[in-house]
Amino acid sequence: MTGRLIAVEGVDASGKSTQAQMLAVSLGAVFTFQFGATDVGGVIRRALLDPDNDSLDDRTEALLIIADKAQHVAQIVGPALEAGRDVVTDRFTASTLAYQGYGRGLDLAELQTMMRFATGGIEPDLNLLLDIPLELASRRLGSSLDRFEGTGDGFLDRVRAGYLAMAEADPDHWVVVDADGSVDDVAARVMAAVQERLGGMR
């Protein structure tokens, strides 16, 4: 595959969706997202985000997300990379490790094995972690919360800690970006990180 893959990661309300779209436009790359970018993924997304699905088992949640990943790679990410296109995705494999692994407490090694199967071994050339204090994330989210955003018991604290642990463990493939600031300020930090690591892509 000659295209390169950038994943924009972070807790909910970190601004990653906005920044991923802006980055894709700046680079002339394909923009996509997980989960829900395909028709199959859309069905999965609705089930996962519905706050009424409070009986969903953690393992079921993980399997649905990994199924979305397989379809996403087969239908969007893989073909774009094979065609030589660069891809910017709002979330990829690290989100599953952060949310279902560190957040829910599922086994990280088992999740990684299942994701390698789902993605055919595709991993981002660069993970951009948009990091913000959770107090700021909470203010941005407001009171209308989906199933993940409304999880209590320190869930998002564990997710954020998981992201930071992954970034620290693999500095060659991760950059932590301060996401506290205006949209344009954060976009400038994101672009500077991409140019430093990947030469501005193509």
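This one's a predicted model, so the numbers in the text were calculated from it and none came from an experiment. (Residues numbered from 1 in each chain as written. Predicted model: local features only at pLDDT ≥ 70, side-chain atom pairs only at ≥ 80, totals over all residues. Heavy atoms only, no water.)

### With respect to the overall build of the protein chain
Of the regular secondary structure elements, the protein chain holds eight helices and five strands. Each helix and strand of the protein chain, ordered N terminal to C terminal, gives the series β-α-β-α-α-β-α-α-β-α-α-β-α. A globule of 202 residues ought to have a C-alpha radius of gyration of about 17 Å, and the protein chain, at 16 Å, matches this closely. Along the longest, intermediate and shortest principal axes, the C-alpha atoms of the protein chain span 45 × 35 × 30 Å. For the protein chain, the residues scored as buried account for 50% of the 202 residues in total. In the protein chain, 81% of the contacts between residues at least 6 apart in sequence involve partners at least 24 apart. Charge-centre separation for the protein chain: the mean point of 18 positive side chains lies 2 Å from the mean point of 31 negative side chains. (Helix = DSSP H or I, 4+ residues; strand = E, 2+ residues; numbered from the N terminus. Rg over C-alpha atoms; globule rule 2.2 N^0.38 Å. Buried < 20%, exposed > 50% of the residue type's maximum accessible area, 1.4 Å probe, protein only. Contact = heavy atoms within 4.5 Å. Lys, Arg positive; Asp, Glu negative; His and termini not counted. Charge placed at Lys NZ, Arg CZ, Asp CG, Glu CD.)

### What to know about helix 3 (residues 58-82)
Taking 1.5 Å of rise per residue, the 25 residues of helix 3 would be expected to cover 36 Å, and the 33 Å separating its terminal C-alpha atoms lies within 8% of that figure. Of the positions making up helix 3, those classed as buried are Glu-61, Ala-62, Ile-65, Ile-66, Asp-68, Lys-69, His-72, Val-73, Val-77, Gly-78, Ala-80 and Leu-81. The elements touched by buried residues of helix 3 are strand 1 (5-9), strand 2 (30-33), helix 2 (39-49), strand 3 (87-90), helix 4 (93-103) and helix 5 (108-119). Capping of helix 3 at its N-terminal end is provided by Asp-57; its side-chain oxygen lies 2.9 Å from the backbone amide nitrogen of Arg-59. Positive phi shows up at Gly-84, right after helix 3, with a value of about 85°. (Expected span 1.5 Å × (residues − 1). Polar contact = N/O pair within 3.5 Å; in protein donor to acceptor, adjacent residues only side chain to side chain.)

### With respect to the packing of helix 2 against helix 3
One can describe the packing of helix 2 onto helix 3 by two numbers: an axis separation of 9 Å at closest approach and a directional angle of 155°. Our classification of the angle between helix 2 and helix 3 gives roughly antiparallel. The two elements helix 2 and helix 3 meet at a crossing, and its hand is left-handed. Touching Val-40, Gly-41, Ile-44 and Leu-48 of helix 2 are Glu-61, Leu-64, Ile-65, Ala-67, Asp-68 and Gln-71, all from helix 3. Residue classes in the contact of helix 2 with helix 3 are distributed as six nonpolar, two polar and two charged. (Axes fitted to C-alpha atoms, helices over the stretch in contact; angles between N-to-C directions. Parallel < 35°, antiparallel > 145°, perpendicular 65-115°, else oblique. Left-handed = near helix turned anticlockwise from the far one by under 90°. Nonpolar A, V, L, I, M, F, W, Y, C, P; charged D, E, K, R; others polar.)

### Things to note about the side chain of Thr-38
Structurally, Thr-38 is set in the loop between strand 2 and helix 2. Within the local environment of Thr-38, its side chain forms a polar contact with the backbone nitrogen of Gly-41, the two atoms lying 2.9 Å apart. Apart from the residues lying within four places of it in its own chain, the contact partners of Thr-38 are Gln-71, His-72, Gln-75 and Ile-76.

### Some points on the nonpolar core
Ile-6, Leu-23, Leu-27, Val-88, Tyr-99, Leu-128 and Tyr-163 are the most contacted members of the largest nonpolar core, which totals 43 residues. The next biggest cluster of nonpolar side chains, apart from the first, holds 10 residues, and it includes Val-73, Val-77, Val-87 and Phe-92. (Core = buried A, V, L, I, M, F, W, Y, C linked by side-chain atoms within 4.5 Å.)

### Details of the side chain of Gln-19
Mapped onto the elements of the fold, Gln-19 is located in helix 1 (residues 16-27). Look at Gln-19 and you get buried, because its relative accessible area is 4%. At 3.0 Å, the side chain of Gln-19 and the backbone oxygen of Val-183 are in polar contact. Apart from the residues lying within four places of it in its own chain, the contact partners of Gln-19 are Leu-130, Val-183, Val-186, Ala-187 and Val-190.

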